[in-house]
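A look at the structure
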Amino acid sequence: MDTTIRGVHHVTAMTSSAPKIYRFFTDILGMRLIKKTVNQDDIETYHLYFTDEHGSAGTDMTFFDFPNQPKGTKGTDTIARTSFRVPSDTALDYWLDRFEKFQITHSAIKERFGKKYLEFEDFDEQAYQLISDEKNTGVPAGVPWKNSSIPIDMAITGLGPVIVRVSDLEPIRTVLLALLGFKEIDRADDFYLFEVGAGGNGASIIVEHRTDLPKAIEGYGNVHHLALRVADHEALQFWINKINQTSLPSSGFVDRFYFESEYFLASTHVLFELATDGPGFFGDEPAETAGEILALPPLLEGKRKEIEAYVRPFDTRDANQKRVDQ
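Everything quoted here is computed from the prediction, not taken from an experiment.

Let's talk about the overall build of the protein
- Helix and strand counts for the protein stand at six helices and 17 strands.
- Relative to the 2.2 N^0.38 estimate, which gives 20 Å for 326 residues, the radius of gyration of the protein is 19 Å and therefore close to what a compact globule would have.
- Judged by the C-alpha coordinates and their principal axes, the protein covers about 45 × 45 × 40 Å.
- Of all 326 residues assigned to the protein, the portion counted as buried reaches 59%.

Here it is, written out as structure tokens:
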């Protein structure tokens, strides 16, 4: 049985607008809306999944749009920034020009741990970065969305290192090293690089140690949780049993239909999830039309009329149409 943690599975954040985040991720970033569904714990809330062409584990950025939620505040003890992988340093130059064209808030191209990256924000000031795979080894990248307007050799191919900002370094360092099997690879000022499994950009967490900031407050524009990959049901059960032997608060087994998981508190206000690589996103709709209508797992299909009356409707019928820059 392979019980190794394989890398980053998905990052789930909060948005002020499902329609606007849909346009941002598909039209600007060139990622695919693979699933338009609802939060299974709050059926008044959309849950949108943006991935590579095939909905591969390790390429998912997902969003909740909780009704009437206030904007989050930045600070420490939070998952602070999500990375997306691009193939090369040259790709970062392409994206720098693209962000200028579409007036996306961004930084200059920088370098940390020997890899170049480019920070940017969306309309909610959600913090992201693109990271170059030019010097990368380890977990393979995903497959760019075929209907994106982005050239294949410049396109986003999955999730990169996730930056977790904490006021106390030792608790999360202990969880990563002693519990989850990460290795501490490098340090640059207040940033600590940890890798797991095959390593590389797709299997990294960067911990930023900051004692000079207030604690972040959850809300739109901030991340809700980070999920790490495990192979299958048996591997997940192994980790559930292992986490149960610690004092970390945890959810126990959760069946999300698209994957199975467990949630646990890795550090103060920092929520992690372990999620299986499968079964994937095509059990309730065909791959060819994924994302075009509200998809509901069997658990919720009987409540479709009720759910459709709750959620604020928005049109994703063009989810699989070829994107052309305006």
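Quick look at the UniProt feature "domain: VOC" (unreviewed entry) in the protein
- Under the present numbering, the feature "domain: VOC" (unreviewed entry) in UniProt falls on residues 7-133 and 158-277.
- Secondary structure content for residues 7-133 is 19% helix and 47% strand, while the C-alpha to C-alpha distance between its ends is 15 Å.
- For residues 158-277, the end-to-end C-alpha separation is 14 Å, with 19% helix and 42% strand making up the annotated structure.

A word on helix H1 (residues 18-28)
- Listed in full, the buried residues belonging to H1 are Ala18, Ile21, Tyr22, Phe24, Phe25, Thr26 and Ile28.
- Capping the start of H1, Ser17 holds a side-chain oxygen 3.1 Å from the backbone nitrogen of Lys20, two or three residues further along.
- Looking one or two places after H1, you find Gly30, whose phi comes out positive at around 70°.

So, the environment of Leu236
- Examined against the element boundaries, Leu236 turns out to sit in helix H4 (residues 233-244).
- Leu236 gets classed as buried once you look at its relative accessible area, which sits at 0%.
- When the C-alpha positions of Leu236 and Phe113 are compared, they lie 31 Å apart, and in sequence the two are 123 residues distant.
- Excluding residues within four positions of it along the chain, Leu236 makes contact with Val230, Phe253, Glu260, Ser261, Glu262, Leu274 and Thr276.

Some points on unusual backbone geometry
- For the bond from Gly278 to Pro279, the omega torsion is 10°, close enough to zero to count as cis.
- Within the secondary structure, Pro279 sits in strand S17 (residues 270-279).
- With phi around 55°, Gln103 is a residue other than glycine that occupies positive phi space.
- On the secondary structure map, Gln103 appears in the loop between helix H2 (89-101) and strand S6 (106-112).
- For Phe257, which is not glycine, the phi dihedral falls at a positive 70°.
- Positionally, Phe257 belongs in the loop between strand S15 (254-255) and strand S16 (259-267).
- Taking the relative accessible area as the measure of exposure, Phe257 reaches 27% and is therefore partly exposed.

Focus on the packing of aromatic side chains
- In the structure shown here, the tally under the stated rule is 22 aromatic pairs.
- Here the aromatic rings of Tyr46 and Phe314 are separated by 5.1 Å at their centres, their planes lie at 85°, and the arrangement is edge-to-face. Of the two residues, Tyr46 is situated in strand S3 (residues 42-51) and Phe314 in the segment after helix H6 (304-310); the sequence distance between them amounts to 268 residues. Just as Tyr46 is buried, Phe314 falls in that class too.
- Through a chain of ring-to-ring contacts, the aromatic side chains of Phe24, Phe25, Phe50, Phe63, Phe84, Tyr94, Trp95, Phe99, Phe120, Phe123 and Tyr128 assemble into a single cluster.
- Lying across the ring of Phe314, Lys36 places its NZ or CZ 4.5 Å from the centre.
- The side chain of Arg112 reaches across the aromatic face of Phe191, ending 3.9 Å from its centre.

Re the nonpolar core
- Counting residues in each nonpolar core, the largest one holds 77 residues, and the members touching the most others are Phe25, Phe84, Leu130, Leu180 and Phe272.
- Examining the composition of this core, we find that six residues originate from one element, H1, more than from any other.
- Leu130 has contacts with Phe84, Val86, Leu92, Trp95, Phe99, Lys116, Tyr117, Leu118, Phe120 and Ile156, leaving out every residue within four places of it along the chain.
- Tyr49, Ala227, Tyr258 and Ala295 belong to the second largest nonpolar core, which has eight residues in total.

Some points on the pattern of salt bridges
- One pass over the full model with this rule turns up 26 salt bridges.
- Residue Glu125 is joined to Lys71 by a salt bridge in which the shortest nitrogen-to-oxygen separation is 2.5 Å. With Glu125 in the loop between strand S7 (115-121) and strand S8 (127-132) and Lys71 in the loop between strand S4 (60-64) and strand S5 (78-86), this pair connects stretches of sequence that are 54 residues apart.
- Beyond isolated ion pairs, a larger network of salt bridges with shared partners links Asp2, Arg6, Arg229 and Asp277.

Focus: the pairing of S7
- Across the seven residues that make up S7, a large majority, five, are buried.
- Alignment of S6 against S7, held across five bridges, turns out to be antiparallel. Bridging from a neighbouring strand, Ile109 pairs with Leu118 of S7.
- Counted between consecutive antiparallel strands, the loop separating S6 from S7 contains two residues, among which Phe113 sits at a positive phi close to 55°.
- The turn linking S7 back onto S8 is made up of five residues, and Glu125 within it adopts a positive phi angle of 65°.

Notes on the sheet that holds S16
- In space, the eight strands of this open sheet follow the order S2-S3-S4-S1-S14-S17-S16-S15, with mixed pairing throughout. If you trace the sheet from one side to the other, it starts and ends with strand S2 (32-39) and S15, each paired once.
- Taken together, the seven bridges between S2 and S3 define a ladder with antiparallel strand orientation. By the bridge assignment, Val38 is partnered in S3 with Tyr46.

Rules behind the numbers
Residues numbered from 1 in each chain as written. Predicted model: local features only at pLDDT ≥ 70, side-chain atom pairs only at ≥ 80, totals over all residues. Heavy atoms only, no water. Helix = DSSP H or I, 4+ residues; strand = E, 2+ residues; numbered from the N terminus. Rg over C-alpha atoms; globule rule 2.2 N^0.38 Å. Buried < 20%, exposed > 50% of the residue type's maximum accessible area, 1.4 Å probe, protein only. UniProt positions renumbered as here; feature names shortened; annotations may be inferred. Polar contact = N/O pair within 3.5 Å; in protein donor to acceptor, adjacent residues only side chain to side chain. Contact = heavy atoms within 4.5 Å. Phe/Tyr/Trp six-rings, centres within 6.5 Å; stacked < 30°, edge-to-face > 60°. Lys NZ or Arg CZ within 6 Å of the ring centre and 35° of its normal. Core = buried A, V, L, I, M, F, W, Y, C linked by side-chain atoms within 4.5 Å. Salt bridge = Lys/Arg side-chain N within 4 Å of Asp/Glu carboxyl O. Pairing = 2+ DSSP bridges.

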